[in-house]
Amino acid sequence: LFIGIINSFEFRSFQLGDSIGIMALSEEDKSVLENIFRSIDKDGDGFITAPEFEKAIAEANVKINNLSRSAAANQILREADVSGDKKVSLAEFIDAAQYKTNARGENTSTFNALIRYLAQLGTGTKEEPALETFKCWPPPIFLIVVSIIQIGVFIHYAQGDCENPNECPTSFSSPLAYRMCCRDEVWRFFTYALMHAGVTHIGFNILIQLLIGVPMEMMNGMYRMSLLYLMGVFAASLGSSVFDPEANVVGASGAVYAILGSWVAHLTQNWDTMTYRWPRLISVTLLSGLDLGNQIYKRYNADGDSSVSFSGHFTGFVAGITFGTYILHNVKERPFELYLRWGGISTFVSGVIFAIFFNIFYTYDPKGICDIPGRSKCT
């Protein structure tokens, strides 16, 4: 169902007209060829040499006719350089693209293989790689509304007193929280994200949702972002049920880490055209690493019985990366990124299916927690 919905989104790619390699070129094709020529001609001297062809092959990360980059570059130069001066002019470049054989009667298939590949990458188009198009309309209301609801729920439960000291704060005993003994109440795998254990807990989550999530929603739209958020929530609770089953889970940290993970997917797919990429990568790494390290410390070293489920944080982060590579908008999709997309969604779906069957067929309660007399279970 998810794949059927997601496939309705458009993923753009540019392809050169079918006239490449035959006798006629349209004016649009010639314009594209001129732009491709200028993109390969790095020094701007009006000629392309073998090293420049080799660099273009390396940047495109393409294998042509099973030749090495150097061999392919030299072959392309031979096919296009009819004057024999070891360099290709714009006129020679267009002629090699226009005819199946050059003036010497040699086939230009290797040259045209490179040109077709560069055209598919969008090289030569007049469109600028506007990686980040922030749209204010429709407004990015999803994460703002979710944050307001979470704050309201937190205020409501913060006013209550703990009747059972083993279930403090009161959010842990809420009918919305995820609890090991209540896995048959399926809604808890989602509604736990509305609950939070304390001010710092909800404060960090709201901060990330607004500072990072809202810009992501402006770039990708409410539909994509809401799916990513919900899948992060679901993956985190499933991950906690598998890897940390005794923990009571509250908070939107799984979804927040899915947002952080989606930034990794965003950076990975658009790294070569992104502005300020290193500061962004460092910021996401620091935010994720510091908070996850803090949660692990609180889980195993802090005084008292902490029920922080860092496995939920981690699986939410992985969900953001894997599901994000598929659902997020990719302005200029390269052929190899198709493997990233399908690899990501396959990993995500496989993990979700495994965790669902784990919860259906396996009951983990070696300490008999769910059978303790007088202890609140699903109230």
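Look up a bit, the structure's there.
These numbers were taken from a predicted model, which means no experiment stands behind them. (Residues numbered from 1 in each chain as written. Predicted model: local features only at pLDDT ≥ 70, side-chain atom pairs only at ≥ 80, totals over all residues. Heavy atoms only, no water.)

Participant: I would appreciate a short explanation of the overall build of the chain in the present structure.
Facilitator: Within the chain, the secondary structure is distributed over 14 helices and two strands. Burial statistics for the chain: of 379 residues in total, 48% are counted as buried. Expressed as a percentage of contacts within the chain between residues at least 6 apart in sequence, the contacts between residues at least 24 apart total 72%. (Helix = DSSP H or I, 4+ residues; strand = E, 2+ residues; numbered from the N terminus. Buried < 20%, exposed > 50% of the residue type's maximum accessible area, 1.4 Å probe, protein only. Contact = heavy atoms within 4.5 Å.)

Participant: Would you mind showing me how to read the pattern of salt bridges here?
Facilitator: Side-chain pairs of opposite charge can arise where the charged atoms are in close proximity. Enumeration according to the criterion identifies three salt bridges in this entry. With a shortest N-O distance of 2.9 Å, arginine 104 and glutamate 106 are connected by a salt bridge. The exposure class assigned to arginine 104 is partly exposed, which follows from its relative accessible area of 40%. (Salt bridge = Lys/Arg side-chain N within 4 Å of Asp/Glu carboxyl O.)

Participant: Explanation requested: the packing of helix H10 (residues 222-243) against helix H11 (residues 253-270) in the structure shown.
Facilitator: When two helices pack together, their arrangement is given by the angle between their axes and by how far apart the axes lie. Across the interface, H10 lies against H11 with an axial gap of 7 Å and an inter-helix angle of 125°. Our classification of the angle between H10 and H11 gives oblique. Judged by the twist between their axes, the crossing of H10 over H11 is right-handed. Contacts from Met225, Leu228, Tyr229, Gly232, Val233 and Ala236 of H10 reach H11 at Gly254, Ala255, Ala258, Ile259 and Ser262. In the contact of H10 with H11, the residues fall into eight nonpolar, three polar and no charged. (Axes fitted to C-alpha atoms, helices over the stretch in contact; angles between N-to-C directions. Parallel < 35°, antiparallel > 145°, perpendicular 65-115°, else oblique. Left-handed = near helix turned anticlockwise from the far one by under 90°. Nonpolar A, V, L, I, M, F, W, Y, C, P; charged D, E, K, R; others polar.)

Participant: How should the packing of helix H7 (residues 142-158) against helix H9 (residues 199-220) be read in this particular structure?
Facilitator: Interhelical geometry of H7 versus H9 gives an angle of 170° and a closest axis separation of 9 Å. The pairing of H7 with H9 is recorded here as roughly antiparallel in orientation. When H7 is examined against H9, the residues Phe142, Leu143, Ile144, Val146, Ser147, Gln150, Ile151 and Phe154 are found in contact with a partner set consisting of Val199, Ile202, Ile206, Gln209, Leu210, Gly213, Val214 and Glu217. Among the residues forming the contact of H7 with H9, the class breakdown is 11 nonpolar, four polar and one charged.

Participant: Explanation requested: unusual backbone geometry in the structure shown.
Facilitator: Negative phi is the rule for most residues except glycine; trans is the rule for most peptide bonds. The phi dihedral of asparagine 65 is positive, around 50°, even though this residue is not glycine. Relative to the assigned elements, asparagine 65 resides in the loop between helix H3 (50-60) and helix H4 (69-80). The phi dihedral of lysine 86 falls on the positive side, at around 65°, and the residue is not glycine. With respect to the helices, strands and loops of the structure, lysine 86 is situated in the loop between H4 and strand S2 (88-89).

Participant: For this particular structure, what's the right way to read H4?
Facilitator: Quick reminder: α-helices carry 3.6 residues per turn. Residues three or four places apart thus point the same way. For H4, which comprises 12 residues, the first-to-last C-alpha distance of 17 Å matches the rise-based estimate of 16 Å (1.5 Å per residue) to within 8%. For H4, the full list of buried residues reads Ala72, Ala73, Ile76, Leu77, Glu79 and Ala80. The buried residues of H4 occupy an angular sector of 165° when the element is viewed end-on, so they sit on one face. Residues of H4 that are buried make contact with strand S1 (47-48), H3, S2, helix H5 (90-98) and helix H6 (109-120). (Expected span 1.5 Å × (residues − 1). Arc of directions from axis to C-beta.)

Participant: Could you clarify how one ought to interpret the environment of glycine 213 in this entry?
Facilitator: You can see glycine 213 is positioned in helix H9. Taking relative accessible area as the criterion, glycine 213 reaches 0% and is therefore assigned buried. Setting aside its immediate chain neighbours within four residues, glycine 213 contacts Leu143, Ile208, Met225 and Ile259.

Participant: What is the right way to read a nonpolar patch on the surface from this model?
Facilitator: A surface patch of nonpolar side chains, about 520 Å² in accessible area, is lined by Ile353, Ile356, Phe357, Ile360 and Phe361. Using a relative accessible area of 64% as the deciding quantity, one classes phenylalanine 361 as exposed. (Patch = residues over 30% accessible without salt bridge, like charges linked within 9 Å, V, L, I, M, F, W, Y side chains within 5 Å. Areas by Shrake-Rupley, 256 points an atom, 1.4 Å probe, with all protein chains shown as cover.)

Participant: Any chance you could explain the packing of aromatic side chains here in plain terms?
Facilitator: Aromatic rings in a pair are described by how distant their centres are and how their planes are angled relative to each other. All chains considered together, the criterion is met by 11 aromatic pairs. Seen from their ring centres, phenylalanine 37 and phenylalanine 93 are 5.3 Å apart, and the 75° between their planes marks the pair as edge-to-face. Here the residue phenylalanine 37 occupies a position in helix H2 (residues 27-40), and phenylalanine 93 occupies one in helix H5, the gap between them amounting to 56 residues. Each of the two residues, phenylalanine 37 as well as phenylalanine 93, counts as buried. Centroid distance phenylalanine 323 to phenylalanine 348: 5.0 Å. Interplanar angle 40°. Geometry classified as tilted. Residue phenylalanine 323 is located in helix H13 (residues 310-327), and its partner phenylalanine 348 is located in helix H14 (residues 335-361); the two are separated by 25 residues in the primary sequence. (Phe/Tyr/Trp six-rings, centres within 6.5 Å; stacked < 30°, edge-to-face > 60°.)

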